[in-house]
Amino acid sequence: MRDYLGKDVTILKKVRDKATYRLSLKQLRESIEGPGESDVDYDDIGGCGCFVTDETKTEVQR
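One structure accompanies this document, and this report is about it. (Residues numbered from 1 in each chain as written. Predicted model: local features only at pLDDT ≥ 70, side-chain atom pairs only at ≥ 80, totals over all residues. Heavy atoms only, no water.)

Time to look at the overall build of the protein. When helices and strands are counted, the protein shows two helices and two strands. Ordered by position from N to C terminus, the α and β elements of the protein give α-β-β-α. The 62 residues of the protein split such that 3% are buried. For the protein, the accessible surface area stands at approximately 6600 Å², while carbon and sulfur atoms represent 52% of it. (Helix = DSSP H or I, 4+ residues; strand = E, 2+ residues; numbered from the N terminus. Buried < 20%, exposed > 50% of the residue type's maximum accessible area, 1.4 Å probe, protein only. Areas by Shrake-Rupley, 256 points an atom, 1.4 Å probe, with all protein chains shown as cover.)

Structure representation (structure tokens):
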């Protein structure tokens, strides 16, 4: 998409030492799959919560 648009655009950003960097999906994948320490915090619950379930709720009534 970046090549198509001819612009350095991303949907993600990375903050390290109070500096913000653009992060492409390719860079994210490579940081997860690559060797060494991953920058991904699997215990982070930030974001919109789309995939967070509330175990106290019952099945949605139709």
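Picking up after the structure, the text goes on.
This part takes up the pattern of salt bridges. Under the definition given, this model contains three salt bridges. Where R2 meets D8, a salt bridge forms, and the shortest distance between an N and an O atom there is 1.9 Å. Exposure remark for R2: the relative accessible area of 32% places this residue in the partly exposed category. For D8, a relative accessible area of 42% corresponds to the partly exposed category. Here the salt bridges share partners, and the residues they tie into one network are R2, D8 and R22. (Salt bridge = Lys/Arg side-chain N within 4 Å of Asp/Glu carboxyl O.)

For D17, which is not glycine, the phi dihedral falls at a positive 55°. Positive phi values are uncommon outside glycine, yet K18 reaches one of about 65°.

The subject of this paragraph is a nonpolar patch on the surface. Judged by side-chain polarity, M1, Y4, L5 and V9 come together as a nonpolar surface patch covering roughly 490 Å² of accessible area. The topology assignment puts Y4 in helix α1 (residues 2-5). (Patch = residues over 30% accessible without salt bridge, like charges linked within 9 Å, V, L, I, M, F, W, Y side chains within 5 Å.)

Moving on: the environment of R2. Turning to its location among the elements, R2 is positioned in helix α1. Each C-alpha atom of the pair R2 and S24 lies 9.2 Å from the other, and the pair is 22 residues apart in sequence. A distance of 3.4 Å separates a polar atom in the side chain of R2 from the backbone oxygen of V9. (Polar contact = N/O pair within 3.5 Å; in protein donor to acceptor, adjacent residues only side chain to side chain.)

On to the pairing of strand β2 (residues 19-23). One ladder, built from five bridges, connects strand β1 (residues 12-16) with β2; its direction is antiparallel. From the neighbouring strand, K13 faces β2, where its bridge partner is R22. Hairpin connection between β1 and β2: a loop of two residues separates the two successive antiparallel strands, and D17 in this loop has a positive phi of roughly 55°. (Pairing = 2+ DSSP bridges.)

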